[in-house]
Amino acid sequence: MSSHNESILREPLITGKNITYAQVTDDILLPVENKPNKAWWIGFIFAALGAMLWVVSVSYTFWTGIGAWGLNKTVGWAWDITDFVWWVGIGHAGTLISAVLLLFRQNWRNSINRSAEAMTIFAVICAATYVVAHMGRPWLAYWIFPLPNQFGSLWVNFNSPLVWDAFAISTYFTVSLVFWYCGLLPDIASVRDRASGLKQKIYSVLSFGWNGSVKTWQRFEIVSLILAGISTPLVLSVHTIVSMDFATSVIPGWHTTIFPPYFVAGAIFSGFAMVQTLLLILRKVMNFENYITMFHIESMNKIILVTGSIVGIAYLTELFIAWYSGSEYEMYAFENRIAGPYAWAYWCMMTCNVISPQLFWFKKIRTSIPISWVLSIVVNIGMWFERFVIIVTSLHRDYLPSSWAMFYPTWTDVGIFVGSIGLFFTLFLLFLRFLPGIAIAEVKLLLKSSSLQHKTKLVQEGAFPEEQVEYFRNSLGKYDSVSEEDINALKVK
């Protein structure tokens, strides 16, 4: 039996004492089965106010027209496309955590995949609202799809990256939604079995007749792997296609082949930062410290460090290629970014995206919850500035100096963006209220292999060499959910 035990050198993914399968279910379903606490209501009220601002701003845009935004003849794209790309990027981490880490059998994903997948879906919904809003005639939004119509041989331009966007985003949303909901089925069935009355009937319909049989679980595993296989290419393809909105143009600062990998790395970078922002709040408010441990937080910080470094290399590569190309227009585009009227935005981007993630090289910072939370927000501020710098600074000074212009956002621009953040958090908080924020079934898989209590039991039975046990004891020092008593219990009886 000992040959099947997980190495003691691996840090635990579940902490706490005397945790049973029943307790896992009780802990995770506590926010769903009971009335929301004060912290949830405070967050929901602020988020709902933001969502109302979004409704007002979008309604005003539809009523008045795109002229309500700060766009002009020179800067035809600004906050709308900036916010769209930002939201699509935030949605990337969910797919990576769900699909890629599943295929690589990374068990630490089990506690965080559910919330990350939900975040993906809500972020894509926010991104899609910008696609519809900036069309000018939102009631004709369906024209973006190649549908049979009464206008003769009128079809979409399949050579346009904007059409590719529509297919990429709709495919991404559909696959992510199916993947998320399939993973929810066993947990919805758990809620159903513990509920009564109308609530039980609703969750019974939502559970699609899940009965927990061996055959059902086999099919569940197969479908999960198939969806993971389908989702994995989307991690690369979606933001690659979004980057082609710019890379296929001839505008200096946009016309570059580095955009696809650069955008994908940036998307994973911002996505993991948003997951970190949400989960650090979630584990505190919902008392999930035993399931979302310091190992999860440190692992995500390492990914933020790696992807942030890749983004930094991409920035330097852009500068080098602008110089190496010998094109005076390309060189001026980057000189204008660095020292032009929007230089403040460029240096905010560099500080937030290149310098701040490098702090994660230090273990004390990497394992500090307050600093990790602040830096995750700083990263997403920087990623918004990255999209703003790419879009606005490349447009506001073109080939004709007489048409140079500055972009100034209106209250509608700001209202739609701030409102979309409110909409996002409203959806996320409603998700936490009615559905489990952690995958119950997947966490239970770790209880007999990767939990602290299981490893403590093996240590007490003398299953591991003393030097490995000592290493394990030292690694637990960073855990805020592990007491001194728990560490002292790691001794042979």
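How each quantity is defined
- Residues numbered from 1 in each chain as written.
- Predicted model: local features only at pLDDT ≥ 70, side-chain atom pairs only at ≥ 80, totals over all residues.
- Heavy atoms only, no water.
- Helix = DSSP H or I, 4+ residues; strand = E, 2+ residues; numbered from the N terminus.
- Rg over C-alpha atoms; globule rule 2.2 N^0.38 Å.
- Buried < 20%, exposed > 50% of the residue type's maximum accessible area, 1.4 Å probe, protein only.
- Contact = heavy atoms within 4.5 Å.
- Areas by Shrake-Rupley, 256 points an atom, 1.4 Å probe, with all protein chains shown as cover.
- Lys, Arg positive; Asp, Glu negative; His and termini not counted.
- Charge placed at Lys NZ, Arg CZ, Asp CG, Glu CD.
- 1 Å grid on protein atoms, 1.4 Å probe; cavity = no way out; pocket = protein on both sides within 12 Å on 5 of 7 lines; lining within 4 Å.
- Points joined across faces, edges and corners; volume = space filled by probe spheres on them.
- Nonpolar A, V, L, I, M, F, W, Y, C, P; charged D, E, K, R; others polar.
- Patch = residues over 30% accessible without salt bridge, like charges linked within 9 Å, V, L, I, M, F, W, Y side chains within 5 Å.
- Salt bridge = Lys/Arg side-chain N within 4 Å of Asp/Glu carboxyl O.
- Expected span 1.5 Å × (residues − 1).
- Bend = angle between axes of the 7 residues up to and from the residue.
- Phe/Tyr/Trp six-rings, centres within 6.5 Å; stacked < 30°, edge-to-face > 60°.
- Lys NZ or Arg CZ within 6 Å of the ring centre and 35° of its normal.
- Domains from an automatic or database assignment.
- Buried area = accessible area lost by both parts, 1.4 Å probe.
- Polar contact = N/O pair within 3.5 Å; in protein donor to acceptor, adjacent residues only side chain to side chain.
- Axes fitted to C-alpha atoms, helices over the stretch in contact; angles between N-to-C directions.
- Parallel < 35°, antiparallel > 145°, perpendicular 65-115°, else oblique.
- Left-handed = near helix turned anticlockwise from the far one by under 90°.
- Core = buried A, V, L, I, M, F, W, Y, C linked by side-chain atoms within 4.5 Å.

J.: Looking at this structure, how should I read the overall build of the protein chain?
T.: Secondary structure assignment for the protein chain yields 19 helices and zero strands. At 25 Å, the protein chain has a C-alpha radius of gyration in line with the 23 Å of a compact globule built from 493 residues. A principal-axis box enclosing the C-alpha atoms of the protein chain has dimensions of 85 × 55 × 40 Å. In the protein chain, buried positions account for 54% of the 493 residues. Sequence separation of at least 24 residues holds for 82% of the intrachain contacts in the protein chain that already meet a minimum separation of 6. Within the structure as shown, the protein chain displays about 22500 Å² of accessible surface, and the carbon and sulfur contribution to it stands at 68%. Between the averaged position of the 33 positive side-chain charges in the protein chain and that of its 31 negative side-chain charges there is a distance of 8 Å.

J.: Explain empty space enclosed by the protein to me, please; I cannot follow it from the model alone.
T.: Left-over empty space is what a probe sized like a water molecule reveals as it rolls over the atoms. The full count for this structure, using the stated rule, is four cavities of 30 Å³ or more. By volume, the largest cavity is sized at about 60 Å³. Every residue lining the largest cavity is listed: Gly-94, Thr-95, Ser-98, Glu-117, Thr-120, Ser-176, Phe-179, Trp-180 and Ser-231. At the level of elements, α4 (92–103), α5 (113–133) and α6 (161–194) are the ones that each hand at least two residues to the lining of the largest cavity. Split into classes, the residues belonging to the lining of the largest cavity amount to two nonpolar, six polar and one charged.

J.: Can you help me understand a nonpolar patch on the surface in this one?
T.: A surface patch of nonpolar side chains, about 730 Å² in accessible area, is lined by Tyr-142, Trp-143, Phe-145, Leu-147, Trp-155, Phe-158 and Phe-167. Tracing the backbone shows Leu-147 in the loop between α5 and α6.

J.: I tried to follow helix α1 (residues 21–33) on my own but got confused; where do I start?
T.: Quick reminder: α-helices carry 3.6 residues per turn. Residues three or four places apart thus point the same way. With 13 residues, α1 ought to run about 18 Å at 1.5 Å a step, and its terminal C-alpha atoms sit 17 Å apart, in line with that. The largest bend in α1 amounts to roughly 30° and is located at Asp-27, with the proline Pro-31 lying one to four residues further along. Listed as buried for α1 are Val-24, Thr-25, Ile-28, Leu-29, Pro-31 and Val-32.

J.: Where do I start with the layout of surface pockets in this structure?
T.: For the largest pocket, the calculated volume is near 670 Å³. Along its surface, the largest pocket is lined by 29 residues, and Thr-277, Leu-278, Ile-281, Ile-421 and Phe-425 are the ones closest to its centre. Tallied by class, the residues present in the lining of the largest pocket amount to 24 nonpolar, five polar and no charged.

J.: So what exactly am I meant to see when it comes to the packing of aromatic side chains here?
T.: Between two aromatic rings, the relevant description is the distance of the centres plus the angle of the planes. Counted according to the given criterion, the structure contains 39 aromatic pairs. Ring geometry for Trp-86 against Trp-87: centres 4.9 Å apart, planes inclined by 70°, an arrangement best described as edge-to-face. Neither residue differs from the other here; Trp-86 and Trp-87 are each classed as buried. The positively charged end of Arg-337 is found above the aromatic ring belonging to Phe-334, 4.6 Å away from the centroid. The ring of Phe-434 has Arg-433 sitting right over it, with the charged end atom 5.4 Å from the ring centre.

J.: Can you help me understand the domain arrangement of the protein chain in this one?
T.: The extent of an interface is frequently quoted as the accessible surface area lost upon association of the parts. For the protein chain, the assigned domains are domain 1 (1–19 + 451–493) and domain 2 (21–450). The distance between the C-alpha centroids of domain 1 and domain 2 comes to 36 Å. Across the boundary between the two partners, domain 1 contributes 18 residues, which contact 22 residues of domain 2. Summed over both partners, the interface of domain 1 with domain 2 comes to about 1700 Å²; 56% of that surface belongs to carbon and sulfur atoms. Of all residues in domain 1, Leu-13, Ile-19 and Lys-478 bury the most surface against domain 2, accounting for 42% of the area lost on that side. For the interface between domain 1 and domain 2, the tally reads two salt bridges. For Glu-298, the salt bridge identified is with Lys-478, shortest N-O distance 2.2 Å.

J.: Is there a simple way to think about the side chain of Ser-249 in this case?
T.: By the element assignment, Ser-249 lies in the loop between α8 (214–247) and α9 (259–285). Judged by its relative accessible area of 16%, Ser-249 falls in the buried class. Among the polar contacts made by the side chain of Ser-249, one reaches the main-chain carbonyl oxygen of Phe-246 at a distance of 2.7 Å. In contact with Ser-249, not counting residues within four places along its chain, are Trp-254 and His-255.

J.: How do you make sense of the packing of α5 against α9 when you look at a structure like this?
T.: Helix packing for two helices is described by the angle between their axes and how far apart those axes are. Running from N to C, α5 and α9 cross one another at 120°; their axes reach a closest spacing of 10 Å. Classed by the angle they form, the pair α5 and α9 counts as oblique. Of the two possible hands of crossing, α5 and α9 adopt the one that is right-handed. Contact residues: α5 offers Ser-115, Ala-116 and Met-119, while α9 offers Gly-271, Met-274, Val-275, Leu-278, Leu-279 and Leu-282.

J.: I'm lost on unusual backbone geometry in this one. Help?
T.: With the exception of glycine, the majority of residues adopt a negative phi angle, and the majority of peptide bonds are in the trans configuration. Of note, Arg-105 is a non-glycine position whose phi angle comes to about 55°, a positive value. A relative accessible area of 57% places Arg-105 in the exposed class. Despite not being glycine, Asn-287 shows a phi value in the positive range, around 60°. The exposure class of Asn-287 is exposed, given its relative accessible area of 55%.

J.: What should I look at first to understand the nonpolar core in this one?
T.: Soluble, globular proteins show a tendency: their nonpolar side chains are buried together. Counting residues in each nonpolar core, the largest one holds 116 residues, and the members touching the most others are Phe-84, Trp-87, Phe-246, Phe-272 and Phe-424. Of the residues forming this core, the biggest block, 14 residues, is contributed by α9. When residues of this core are assigned to domains, at least three fall in each of domain 1 (1–19 + 451–493) and domain 2 (21–450). Setting aside residues up to four positions removed in sequence, Trp-87 forms contacts with Ala-123, Cys-126, Ala-127, Tyr-130, Ser-420, Ile-421 and Phe-424. In terms of nonpolar packing, the next biggest core, distinct from the first, is built from 15 residues, Met-294, Ile-297, Val-482 and Ile-487 among them.

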